[in-house]
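For reference, the chains in residue letters:
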Amino acid sequence: MTSPFPQAGGAEQGENRREAVVRLSGVHRHFGDTPAIDGVSLTVHKGEILGLIGRSGAGKSTLIRCLNGLERPDRGSIKIEGREITGLSEEQLQPLRRRIGMIFQHFNLLSAKTVEENVALPLKIEGWSTEKRLARAAELLDLVGLSGKARSYPSALSGGQKQRVGIARALAAGPALLLSDEATSALDPETTAAILELLKDINAKLGLTILLITHEMEVIRSIADRVAVIDAGRIVEEGPVWSVFANPRTAITQSLLSGIRPHLPQHVAARLVSEPVGEVVLGVDLSGPDAGVLLAGLSGALAGGFRLIHGGVEHIQQQSVARFFLGIPPASDGPARAVAYLERHGAKVEVLGHVPGHD
Amino acid sequence: MSPVMIELFIRSFFETVIMTVASGFISLVAGLPLGLALVATAKGGIAENLWINRLLGAIVNGFRSVPFIILLVALIPVTRFIVGTSIGMWAAIVPLSIAATPYYARMAEVSLREVDRGLIEAVRAMGGNRWTIVREVLVPEALPSLVAGFTVTLITLIGASAMAGAIGAGGLGDLAIRYGYQRFETTVMVAVVAVLIVLVCAIQWAGDRLVLRLDHKH
Ligand SMILES: Nc1ncnc2c1ncn2[C@@H]1O[C@H](COP(=O)(O)OP(=O)(O)O)[C@@H](O)[C@H]1O
Ligand SMILES: [Mg+2]
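Residues numbered from 1 in each chain as written. Chains lettered and ligands numbered in written order. Predicted model: local features only at pLDDT ≥ 70, side-chain atom pairs only at ≥ 80, totals over all residues. Heavy atoms only, no water.

**Some thoughts on the overall build of chain A**
Item 1. Looking only at helices and strands, chain A has 13 helices and 14 strands in total.
Item 2. Across chain A, contacts joining residues at least 24 apart in sequence account for 70% of those joining residues at least 6 apart.
Item 3. Per element, the accessible surface of chain A, about 15600 Å² overall, is 49% carbon and sulfur. (Helix = DSSP H or I, 4+ residues; strand = E, 2+ residues; numbered from the N terminus. Contact = heavy atoms within 4.5 Å. Areas by Shrake-Rupley, 256 points an atom, 1.4 Å probe, with all protein chains shown as cover.)

Spelled out as structure tokens, the structure:
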């Protein structure tokens, strides 16, 4: 089913009109015989947060490192702010890299430098005077909420604080693009949430474009505007986050989502049989304004009633995304009518099986 | 010990210190860049060049595999060319430096190689060039370990300078051989050993203190 919602089409058209900060087309990168990047085309628009998700080894780091020339593609075109970078020499890449900030899973702060010296390092490389760069570092530390730690060494900071320093450092030279390679993967859930909040804040305040890679859908859900799914070096799915969550088309996306979407509870799944005996179990997916009122409508339409086994409505980018598991009594035409009603209202319905004894 | 002996002792002590410090300084100034070159030209290094890497490695190994006492004799023509004589403290500094440089280069190589590659990556990503990486990452991050290695080199040099006494280099080693060993003056021998122990301990202590002050990793 294609998306029934006019907003989706509208948003996509809007994105096409927006300026591209990064435009990849047909990028390949092989290590020996194994392709790490196998023909990737991807655009990152100005001001958006694009999440790139994939399993470990999918090629995420290789791809992100191609964007600032740390990795060189074998083939394909990489344009940063409209400029082709694939032919550039190391010396030509250096000024370009100052337009691109990067943060890392293990923070990569210099242990021999204080927090403010770390933040000021990109400016030192640009040739700023000590006084000016320390003033700028102070501003950035203020932005990330670490003003009090300017003279500390990184070893005295917690993981979350280290990543804040990493973010301040990445922003020091006023980049057009921020690359994040699993920046929250080494952090606990609470700290992760705080760091993602900070990134979102910076995106809103500074209009900074962010390309964020992760293996966790949770991260995508809480921060990204758009998501691209990478598997074995290829982009297999791409779209607004809510729409990919509502309607994951590939097995890899479904499996990446499986941890954070409602499941049929284990004890029900164990009793499922295919023979038509007992209660019929349906899996229902729906997104959009109807999602919240679907069940109320269904109970009106279904004389025999139904049982909500599991699931609910969540809100992603102001879109309602619903996923329910329903048990319908087998009596007469109940199940058929339920399916018809749900599909008429735009839901994707899957008959999962029957639970004997529940009738 | 007689006053003459004491004066000789003090002079020998300073000769040992000067030989150690001078050849230590030269091995630092020459060995650190050599260590950097070994790390930079290695596979995956910031200036990868395997041919140069192998060549440098072979030269370093060549010097390191020759026993010092043989190097001492073999280098006599070189020493004579540089210093004008092959005898005395200044002459001994040449073989000492030539032996200590590849020794320290290997120590520095190990220290520099242990710097987290992620840090190099981070500085490359912010637009730093090779020189920036050397100055802002490799050397500062390896500094505590470089200092620890230099401490070991200095202590090794004290021992080697005593051996250089065999070709009349002066210093405490020379004194111990000529008076303590050849003339059976046990007091001189004991005093030399005691002073050497104190000297080694002092250098180790100072080195350890410095490493502790420089290390912000923990
Ligand atoms: N320098 C390299 N040499 C050889 N193989 C590499 C190198 N870097 C990455 N790879 C391989 O490329 C694939 C993609 O790696 P990577 O981009 O790091 O994945 P991800 O970041 O998604 O976990 C993996 O199979 C990995 O083993
Ligand atoms: Mg990775």
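Moving on from the model shown.
**What about the sheet that holds strand β14 (residues 348-355) of chain A?**
Residue and element names in this part refer to chain A.
Item 1. Sheet architecture is open: 4 strands sit in the order β12-β13-β11-β14, paired in antiparallel fashion. Edge positions in the sheet fall to β12 (307-316) and β14, since each has one partner strand and no second. With strand direction ignored, the average angle separating the axes of adjacent strands in the sheet is 10°.
Item 2. As paired strands, strand β11 (residues 279-287) and strand β13 (residues 319-328) are joined by 8 bridges and run antiparallel to one another. Bridge pairing links D285 to R323 in β13. (Pairing = 2+ DSSP bridges. Axes fitted to C-alpha atoms, helices over the stretch in contact; angles between N-to-C directions.)

**Let's talk about a nonpolar patch on the surface**
All names here are of chain B.
Item 1. Taken together, M1, I6, I10, F14, I18, V78, F81, I82, V83 and W90 make up a surface patch of nonpolar side chains, about 1000 Å² in accessible area.
Item 2. Elements represented by at least two residues in the nonpolar patch include exactly α1 (3-41) and α4 (76-83).
Item 3. Within the fold, I6 resides in helix α1. (Patch = residues over 30% accessible without salt bridge, like charges linked within 9 Å, V, L, I, M, F, W, Y side chains within 5 Å. Salt bridge = Lys/Arg side-chain N within 4 Å of Asp/Glu carboxyl O.)

**Notes on the pattern of salt bridges**
Item 1. This structure, assessed with the given rule, holds 27 salt bridges over all chains.
Item 2. One salt bridge connects K113 of chain A with E136 of chain B, and the closest N-O pair in it is separated by 2.7 Å. Separated into two different chains, K113 of chain A in the loop between β6 (100-104) and α4 (115-126) and E136 of chain B in helix α7 (residues 130-164) make up a pair that spans both.
Item 3. Residue class for K113 of chain A comes out buried when judged on its relative accessible area of 11%.
Item 4. Within this structure, R29, R65, E71 and D74 of chain A together with E121 of chain B form a network of salt bridges that share partners. (Buried < 20%, exposed > 50% of the residue type's maximum accessible area, 1.4 Å probe, protein only.)

**What about the interface of chain A and chain B?**
Item 1. Listed per partner, the contact involves 24 residues of chain A and 20 residues of chain B.
Item 2. Between chain A and chain B lies a buried interface of about 2000 Å² when both sides are counted; carbon and sulfur atoms form 55% of it.
Item 3. On the surface where chain A and chain B come into contact, there are 4 salt bridges.
Item 4. When contributions to the side of chain A that touches chain B are tallied by element, the ones reaching two or more residues are α3 (90-97), β6 and α4 of chain A.
Item 5. Element by element, the count of residues in the side of chain A that touches chain B is highest for α4 of chain A, at 4 residues. (Buried area = accessible area lost by both parts, 1.4 Å probe.)

**Observations concerning the sheet that holds strand β4 (residues 75-80) of chain A**
Two strands in a sheet stick together by hydrogen bonds in their backbones, pointing the same way (parallel) or opposite ways (antiparallel).
Residues and elements named next belong to chain A.
Item 1. The 4 strands are arranged β2-β1-β4-β5 in an open sheet whose pairing can be described as antiparallel. Each of the sheet's edge strands pairs with one partner strand only, and the pair in question is β2 (34-45) and β5 (83-84).
Item 2. When strand β1 (residues 20-31) meets β4, the two strands line up antiparallel, connected through 5 bridges. Considered in β4, the bridge of L24 is made with I78.
Item 3. In the packing of helix α2 (residues 60-67) onto the sheet, contacts are made with β1, β2 and β4, and the angle to β1 comes to roughly 125°.

**Some words on the domain arrangement of chain A**
Residue and element names in this part refer to chain A.
Item 1. As assigned here, chain A comprises domain 1 (10-99 + 175-257) and domain 2 (266-355).
Item 2. Distance from the C-alpha centre of domain 1 to the C-alpha centre of domain 2: 35 Å.
Item 3. Contact with domain 1, which involves 9 residues of that partner, is made by 8 residues of domain 2.
Item 4. A buried area of about 740 Å², summed over both sides, lies between domain 1 and domain 2, and 55% of it is on carbon and sulfur atoms.
Item 5. Area buried by domain 1 at its contact with domain 2 is led by R221, W242 and A246, which between them contribute 68% of it.
Item 6. For the interface between domain 1 and domain 2, the tally reads 1 salt bridge.
Item 7. Here R221 ties to E314 by a salt bridge, and the two come within 2.4 Å at their closest N and O atoms.
Item 8. There are 4 residue pairs in polar contact (both at pLDDT 80 or more) connecting domain 1 and domain 2.
Item 9. It is helix α9 (residues 241-246) that contributes the most residues to the side of domain 1 that touches domain 2, 4 residues altogether.
Item 10. Each residue belonging to the side of domain 1 that touches domain 2 can be placed in one class, and the counts come to 6 nonpolar, 1 polar and 2 charged. (Domains from an automatic or database assignment. Polar contact = N/O pair within 3.5 Å; in protein donor to acceptor, adjacent residues only side chain to side chain. Nonpolar A, V, L, I, M, F, W, Y, C, P; charged D, E, K, R; others polar.)

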